[in-house]
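Per-entry structural report
Here's the letter readout for the chains.
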Amino acid sequence: MDGSKTYRLRLPPNIPVADFWSVIVYDTQTRSMLQTDQKAPSVSSQDQGIKTNADGSVDVWFGPKPPVGFENNWVQTIPGKGWFTLLRLYGPLEAWFNKTWRPGPIQLQP
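Residues numbered from 1 in each chain as written. Predicted model: local features only at pLDDT ≥ 70, side-chain atom pairs only at ≥ 80, totals over all residues. Heavy atoms only, no water.

**Notes on unusual backbone geometry**
- Despite not being glycine, Asn14 shows a phi value in the positive range, around 60°.
- Mapped onto the elements, Asn14 comes out in the loop between β1 (7-11) and β2 (17-27).
- Residue class for Asn14 comes out exposed when judged on its relative accessible area of 69%.
- The phi dihedral of Arg31 is positive, around 60°, even though this residue is not glycine.
- Mapped onto the elements of the fold, Arg31 is located in the loop between β2 and β3 (42-44).
- Overall, the relative accessible area of 56% leaves Arg31 in the exposed class. (Helix = DSSP H or I, 4+ residues; strand = E, 2+ residues; numbered from the N terminus. Buried < 20%, exposed > 50% of the residue type's maximum accessible area, 1.4 Å probe, protein only.)

It is worth stressing that arrangement in space is one thing and function is another; only the former is reported here.
See the structure below:
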């Protein structure tokens, strides 16, 4: 992914976890967490202030600047740096294993 652009990942309702979930951004060159101004380049269900959509889904945003109103759902990226992300499910439930729940695609935003 391009660190200068903005993307959105939609996690459908009823994320199948017993414990918690997290989305973490990694640097394509070092394979380490992307170094940003944020404490950690991630969004987690354990974070305070995460916004949930009316249908129970969660949007995670990636980009150099946070989208207005979704600052707590945002992971900072760095222009000129490539990145990739991992979705971690801690204590995944049956819907993950039987594939009845899947995250949406990461979509480039206009």
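Following the structure, the description resumes.
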